[in-house]
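Okay, here's what each chain looks like letter by letter:
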Amino acid sequence: MKQRKIPSPAVLCGVLAAALCLLAGLLLLFGFALPHQYEDTFLGEMKYKMERLETTEGPRIIVVGGSSVPFALKSGLVEAYLPDYQVVDFGMYAGMGTVVMLDWAQTQAREGDIFVIAPEQSAQTLSCFFSGELVWQTADGAFDLLPLIDSSRYESLAAAFPAFAGKKLWYTLTGGPEPEGVYARSSFDEYGDIVYPDRTANIMSGGCNPNDLISFSQDVITEEFIDALNDFARAVTAKGAKVVYHFPPMNAAALEPGTDQTAVDAYYDYLDGQLLFPILGDPGRCILDNGWFYDTNFHLNASGATVFTKLLIEDLKVWLEDTSPTDIVLPTMPSAGTANLGTDNTDETLFTYQRIEDGWILSGLTEEGHSAQTLTLPGSHEGEPVVGMDKSLFAGNTVIREITVQPNIGLLYDGMFSGCTALEKLILTGEDPSAYSAGDGLRDGADFLICVPEEALDRYRRDYFWQTYAAWIQPMEQ
């Protein structure tokens, strides 16, 4: 038999290089040449916000921040009470990073502008965090946004490109995201404010999300981010604009334990001493009753947006020395949203219960419950709804394999399944992803799949909050 000639290392390297070049070329094709896929998503609104920022004439009030801005701002109301200014709602998903919003805003600064910087009071948004993956999705179909980003972020963008290109190819072949509800682009109005009709009341179990508590500790904001804010202020004031800082709306029920007015004042004094531009108003006024919020500790319902917009107008008027009245009639605080009742009470007797005002909390497991390998959290007990569970209900349970959660229990705590070494599946029966609220640490300390109704699979994987867990979300068995 004739012996095959083994290619030389140089030839092998050449073949490998050619293959890598081909792969890189395909990725570029997938990323740029394929039809854009994120037009209808929440992030798809960004290019329209940028367009408004570029084209709005005259002196402007530009409010920059995360998604709390479009959930809190009624831009038309601001224009009605500050008629010398046009308003640009320049708030977008905070998961991209506040710094990229500053990058884009800075490019369009003009003389007479007022920039209101209002990031959410959380460690991620008050840092120089930057998500290349989400920025690629934002720029899909608007790639002219990319050169406007600070060059220090290009490395992160490059690293995120292959995943973006691969996902875009997949969507092209199988159908792109078709978001529904408040986190679709259709929920924005012409200003870029959220106007979703069902955003009427607080839908969070217990009125707040304890996975995302609000801190006024000095270390919640990084020195690097403070430098970025001051650099932004220098850049836009050189163009004749002004910059002010304003606190976002914050859920009083979500403050870290021990947070009092002294802590808030101390944080204000620290920040005021670090920034090169003024802070408007009193942060304590931005800490609002949970009845004004919607689905996160920073997102207001429609009535709450009126409350906060009036507050912002008043603070701007004080700073502008405008003594005209702000006679906005405030709405009545809405009642909490009605809980979705679960209908499966098969395992009702395997839990212990604690009575609260709105119904029952699952406080523990009975002896039989501790030995069960599968459990369905009941929808009601003694004829009244089960509305929540203790965050330590399953901690350290080494027996449980499957847990089914009906939509009457909306809050899932970070790390609540820590130590559940046998857990294979967390089954969510609700078809609407917004029925459940989870932070980024739901799977901390345990390794399990998240199973959802097959007809809702894509909705969960593309959901504003649940997309974090897309790799673990699978259809439940029929």
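Bear in mind the structure is a predicted one, so any value in this text is a computation, not a measurement. Counting from 1, residues in each chain are numbered in the order their sequence is written. Note on the predicted model: pLDDT of at least 70 is required for a residue's local features to be given, and 80 or more for side-chain atom pairs to be given and counted; whole-chain, interface and lining totals, by contrast, use all residues. Calculated side-chain values reflect all of the structure's heavy atoms, with hydrogen atoms and water omitted.

## Side note on the sheet that holds strand 3 (residues 114–117)
Note the threshold: Here, strands pair whenever DSSP counts at least two bridges between them. What counts as a helix is a DSSP run of H or I of at least four residues, what counts as a strand is a run of E of at least two, and both are numbered from the N terminus. As a rule, the C-alpha atoms of each element are fitted with a line to give its axis, helices using only the stretch in contact, and angles between N-to-C directions run from 0 to 180 degrees. We call two residues contacting when some pair of their heavy atoms lies within 4.5 Å.
The strand order across the open sheet formed by four strands is 2-1-3-4, and the pairing between neighbours is parallel. Bordering the open sheet on either side are strand 2 (86–91) and strand 4 (242–245), each of which pairs with just one other strand. Direction aside, neighbouring strands of the sheet carry axes that sit 20° apart on average. Of the strand pairs in this sheet, strand 1 (residues 60–65) and strand 2 are connected by six bridges, and their pairing is parallel. Residue pairing in the sheet places G65 in a bridge with G91 of strand 2. Against the sheet, helix 8 (residues 223–237) engages strand 3 and strand 4, with an angle of about 150° to strand 4. Of the strands in this sheet, strand 1, strand 3 and strand 4 are in contact with helix 10 (residues 302–320), which crosses strand 3 at around 130°.

## Section: the sheet that holds strand 9 (residues 374–376)
Spatially, five strands are ordered 9-12-14-16-17 in an open sheet, and the strand pairing comes out parallel. The sheet is open, and its two edges are formed by strand 9 and strand 17 (473–475), each paired on a single side. Strand-to-strand twist across the sheet, computed as the mean angle between neighbouring axes with direction ignored, equals 25°. Across three bridges, the pairing between strand 16 (residues 449–452) and strand 17 is parallel. Bridging across to strand 17, V452 finds its partner in P475.

## Describing the packing of aromatic side chains
Under the convention used in this document: Aromatic contacts are taken between Phe, Tyr and Trp rings whose centres are within 6.5 Å, Trp giving its six-membered ring; a plane angle under 30 degrees counts as stacked, one over 60 as edge-to-face, and the others as tilted. Burial status follows relative accessibility: with a 1.4 Å probe on protein chains alone, a residue under 20% of its type maximum counts as buried, one over 50% as exposed, and anything between as partly exposed.
Scanning all chains against the criterion turns up 21 aromatic pairs. Ring centres of F161 and F164 lie 6.1 Å apart, and the angle between their planes is 50°; this geometry places the pair in the tilted category. With F161 and F164 both in helix 7 (residues 154–174) and three residues apart, this pair spans about one turn of that helix. Overall, the relative accessible area of 9% leaves F161 in the buried class.

## With respect to the pairing of strand 14 (residues 425–428)
Remark: a regular strand shows side chains that alternate across the two faces of the sheet. Residues of strand 14 alternate between two faces, with K425 and I427 on one and L426 and L428 on the opposite face, all of them buried. Pairing between strand 12 (residues 402–405) and strand 14: four bridges, direction parallel. Opposite V405, over in strand 14, you have L428 as the bridge partner. One ladder, built from three bridges, connects strand 14 with strand 16; its direction is parallel. Its bridge partner being in strand 16, L426 is matched across the sheet by I450.

## Structural notes on unusual backbone geometry
The phi dihedral of E321 falls on the positive side, at around 60°, and the residue is not glycine. Inspection of the secondary structure assignment puts E321 in the loop between helix 10 and strand 7 (351–356).

## Description of helix 10
Here is the rule: Take the number of residues in a helix, subtract one, and multiply by 1.5 Å to get its expected span. Within 3.5 Å is the distance limit for a polar contact, defined as a pair of N or O atoms, with the added protein rule that one can donate a hydrogen and the other accept it, and that residues adjacent in sequence qualify only through two side-chain atoms.
The end-to-end C-alpha distance of helix 10 is 27 Å, a good match for the 27 Å that 19 residues give at a rise of 1.5 Å each. With 14 of its 19 residues buried, helix 10 lies for the most part within the structure. Two to three positions downstream of the cap, the backbone nitrogen of S303 sits 3.2 Å from a side-chain oxygen, assigning the N-cap of helix 10 to N301. E321 occupies a position one or two residues after helix 10 and carries a positive phi of about 60°.

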